[in-house]
Amino acid sequence: MKLVILVACALMAIAVAAPPEPPKIVRSEYEQSPDGGYSYTFETDDGVVRQETGVIKEAFDEENKPHNVVVVRGSYSYKNPDGIVEAINYSADENGFKAEGDSIPKNPPVRR
């Protein structure tokens, strides 16, 4: 009897320790432009949604020489552990990366 209980507990432990199935992609679109720009979006069955676009822009370096950069704008959203949807919007260009969303800490106001 003890052996049966021990085997049952071992099987339950194995079942609980098994990794969860990864989310499935339910929608995915990608488009590449001849100039190097792009656009993509995807969505998973667990509620993750992401979209992003990249466009080529001419920028100037410190020596005022032109070069191409990719300007990126996008967003993603997901459900946090409390079931609340978190949404983040972001951009990246020659001036750096910027992200905004309710879950991203804000800089304190500058005191003068």
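Position numbers for residues count from 1 along each chain, tracking the sequence in the order it is written. For this predicted model, a pLDDT threshold of at least 70 governs which residues receive local features, and a threshold of 80 or more governs which side-chain atom pairs are given and counted, while totals over whole chains, interfaces and linings are taken from all residues. Side-chain measures were taken over the full set of non-hydrogen atoms in the model, leaving aside hydrogen atoms and water.

(A) The arrangement of the pairing of strand 1 (residues 25-32) in detail. Only protein chains enter the accessibility calculation, which uses a 1.4 Å probe. A residue is then buried if its area is under 20% of the maximum for its type, exposed if over 50%, and partly exposed in between. A run of H or I in DSSP counts as a helix once it spans at least four residues, and a run of E counts as a strand once it spans at least two, with each numbered from the N terminus. Within strand 1, only 0 of the 8 residues are buried, which leaves the element largely exposed. The hairpin turn running from strand 1 into strand 2 (residues 38-44), its antiparallel successor, is 5 residues long, and G36 in that turn takes a positive phi close to 110°. Strand pairing follows a simple DSSP-based rule, namely that at least 2 bridges must link the two strands.

(B) Just the pattern of salt bridges, in detail. Any carboxyl oxygen of Asp or Glu that lies within 4 Å of a side-chain nitrogen of Lys or Arg is treated as forming a salt bridge with it. On inspection of all chains with the given rule, the structure shows 7 salt bridges. The residue K24 makes a salt bridge to E21 at a minimum N-O spacing of 2.0 Å. Judged by relative accessible area, K24 falls into the partly exposed class, the value being 43%. Among the ionic pairs, K57 bridges to E94, the shortest N-O distance being 2.8 Å. Of this pair, K57 sits in strand 3 (residues 49-60) while E94 sits in the loop between strand 5 (85-93) and strand 6 (96-100), and the two are 37 residues apart along the sequence. A residue is classified by how much of its surface remains accessible, and K57, at 35% relative accessible area, is partly exposed. Salt bridges sharing partners connect three or more residues here, namely R27, E29 and E43.

(C) Expanded view of the pairing of strand 3. Relative to strand 3, strand 2 runs antiparallel, the two being bridged by 6 bridges. Looking at strand 3, one finds that T41 is bridged to Q51. A loop of 4 residues connects strand 2 with strand 3, the two strands running antiparallel in sequence, and G47 in this loop sits at a positive phi of about 95°. Connecting strand 3 to the antiparallel partner strand 4 (residues 66-79) that follows it, the hairpin turn spans 5 residues, and N64 within it adopts a positive phi of roughly 65°.

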